[in-house]
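Chain and residue survey
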Amino acid sequence: MHIVDGALSNPVVIGGAVAAAGGIALGLKTLDLDRIPTAGVLSASFFVASLIHVPIGPSSVHLILNGLAGLLLGWAAFPALFVGLLLQAVFFGFGGLTVLGVNTLNIALPAVLAWLLFGRLIGRGTPVQGAVWGGLGGAFAIAGTTAMVAAALALSGEGFLPAAKLVFFAHIPVMAIEAVLTGFAVLLARKVKPELFVRGIAA
Amino acid sequence: MRRLLLIAALACAPLPAAAHKVIAGVFPSGEAIEGELGFSNGDMAADTEVVVTGPDGTELGRTRTDADGFFTYVPTAPVAHSFHANLGAGHVAEVTMPAEDVARILGAAPAAAPAPAAPGEAPSPAGGALGAAEKQAIAEAVRDEVRPLRREIAAYREHNDLQSILGGIGYIVGLFGLGFYLAARRKLAG
């Protein structure tokens, strides 16, 4: 899921960095005092989630948890995920520093899209209904990320469809796991701290 | 708090596996350059094409990895050799062997190639008691002995221990604490 240094052409890297900077600026604006702790907790969970590997066939993929971050934070997912990615690059060598912008965009933009699509629905109805929408949002964010990764590779010269298929199918188990995880997290949060979602929509 | 605990419990359940990172290394092996290619979780890149380029980007040749992710390439010119491989899905490996090392390999080659005179290290004209063939055999044996160690070191370098995980979390807490402080100060001032 993390694209490494040297895999992308320069225009893609620069474009991704500019877009990510815009997203981070927008996110920081919406990040008010009450939501900073949420952002910090989600940033830390994102940072650790990448170490949880799901074995599939000969290879393995890792959890991402960007959907949950997006659903709870909205645009503020950009700075939260950026911090997580930066530290993953520095501590674990995932991805790289030059492609940080592209990776931030690939992971945070689908998260924000999931929030725009499902954010409202999660706060409504019974907690169980909210959890179902949350699970859908979690799976949607991963699917979006695979599409973004494939698009970034395609813009750098690799064939889009083979790359997209490879990344997408490799992440189907992750989508399922993240859907369940996000669903339960939403269910729990709806019961314990319902105002989390009301705030998220108001912002 | 309960959500936090849930996340913490989920995060701790499976043991952190090795990172999904590309590792690549090249080292001299007699008259050839030997290299290995794979992922840091132990999967080696089997049957992958490796493109060899010179310092100016011209293609010098191609080679393929075997089932264990090993490849060999016999250099012909004493220039820096870059080995480039695409493992798919954004995983790209690139590793370069500097010109001096390549020149040393060419110097060590028994059928000393006509053109490239190695700068610095010339092949010693069998000065010692050991003949060239014996030296070659010793070098071969040492390489075979050292190879597992190289792998172990490469794997060890990729190992993520609890310290770096906790360190990263510490940075996040600190960073968001700082953000919290700045936001609070702004709120108090305004």
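The rules behind the values
Residues numbered from 1 in each chain as written. Chains lettered and ligands numbered in written order. Predicted model: local features only at pLDDT ≥ 70, side-chain atom pairs only at ≥ 80, totals over all residues. Helix = DSSP H or I, 4+ residues; strand = E, 2+ residues; numbered from the N terminus. Buried ≥ 20, exposed ≤ 12 C-beta atoms within 10 Å, placed from the backbone. Contact = placed C-beta atoms within 7 Å. UniProt positions renumbered as here; feature names shortened; annotations may be inferred. Axes fitted to C-alpha atoms, helices over the stretch in contact; angles between N-to-C directions. Parallel < 35°, antiparallel > 145°, perpendicular 65-115°, else oblique. Left-handed = near helix turned anticlockwise from the far one by under 90°. Nonpolar A, V, L, I, M, F, W, Y, C, P; charged D, E, K, R; others polar. Pairing = 2+ DSSP bridges. Expected span 1.5 Å × (residues − 1). Core = buried A, V, L, I, M, F, W, Y, C linked by C-beta atoms within 7 Å.

Our focus in this paragraph is the overall build of chain B. The helix and strand tally for chain B stands at 4 helices and 7 strands. Along chain B, from the amino end to the carboxyl end, the secondary structure elements read α-β-β-β-β-β-β-β-α-α-α. Scored against the burial criterion, the 190 residues of chain B give a buried share of 21%. The contacts in chain B between residues at least 6 apart in sequence include a share of 48% that link residues at least 24 apart.

All right, on to the UniProt feature "transmembrane region" (unreviewed entry) in chain A then. Residue and element names in this part refer to chain A. Sites flagged by UniProt as "transmembrane region" (unreviewed entry) map to residues 12-30, 36-56, 68-91, 97-118, 130-154 and 166-189. Structurally, residues 12-30 comprises 100% helix and 0% strand, and the distance from its first C-alpha atom to its last is 27 Å. What you have in residues 130-154 is 100% helix and 0% strand, and the ends, taken at the C-alpha atoms, are 36 Å apart.

Each packed pair of helices is defined by two parameters, the angle between the axes and the distance between the axes. All names here are of chain A. Taken N-terminus to C-terminus, the directions of helix H4 (residues 77-91) and helix H5 (residues 100-123) make an angle of 140 degrees; their axes are 9 Å apart at the nearest point. It follows that H4 is oblique to H5 by the angle criterion. Both H4 and H5 take part in a crossing whose hand is right-handed. Where H4 approaches H5, its residues Ala77, Phe78, Leu81, Phe82, Leu85, Leu86 and Ala89 are matched on the opposing element by Leu100, Asn103, Thr104, Ile107, Ala108, Ala111 and Val112. Considering only residue class, the contact of H4 with H5 consists of 12 nonpolar, 2 polar and no charged.

All names here are of chain B. In the sheet, strand E3 (residues 49-53) pairs with strand E4 (residues 59-64) via 5 bridges, with the strands oriented antiparallel. From the neighbouring strand, valine 52 faces E4, where its bridge partner is glycine 61. In sequence, E3 turns back onto E4 through a hairpin of 5 residues, with glycine 57 there showing a positive phi of about 95 degrees.

It is worth spelling out the environment of arginine 35 of chain A at this point. Residue and element names in this part refer to chain A. Locating arginine 35 in the fold gives a position in the loop between helix H1 (10-30) and helix H2 (36-49). On the neighbour-count criterion, arginine 35 (21 C-beta atoms within 10 Å) is buried. Every residue in contact with arginine 35, bar those within four places of it in the chain, is listed here: Leu73 and Ala76.

The first and last C-alpha atoms of helix H4 (residues 162-189) of chain B sit 40 Å apart over 28 residues, in line with the 40 Å expected at 1.5 Å per residue. Those residues of H4 of chain B that are buried lie in contact with H2 and H4 of chain A.

Under the present numbering, the feature "transmembrane region" (unreviewed entry) in UniProt falls on residues 165-184 of chain B. For residues 165-184 of chain B, helix accounts for 100% and strand for 0%, while the C-alpha atoms at its two ends are 28 Å apart.

A few words on the nonpolar core. Ranked by size, the top nonpolar core spans 79 residues in total, and within it Leu42, Ala69, Ala77, Ala80, Leu81, Ala108 and Ala111 of chain A carry the most contacts. Considering each element in turn, this core owes the most residues, 12 residues, to H5 of chain A. Setting aside residues up to four positions removed in sequence, leucine 42 of chain A forms contacts with Leu68, Ala69, Leu72, Leu73 and Ala80 of chain A. Core analysis: the next-biggest nonpolar cluster, separate from the first, contains 15 residues, Ile33, Leu37, Tyr73 and Phe83 of chain B among them.

With respect to the helices and strands, glutamate 31 of chain B occurs in the loop between strand E1 (22-29) and strand E2 (32-39). When the C-alpha atoms of glutamate 31 of chain B and threonine 72 of chain B are compared, they prove to be 9.9 Å apart, with 41 residues separating the residues in sequence.

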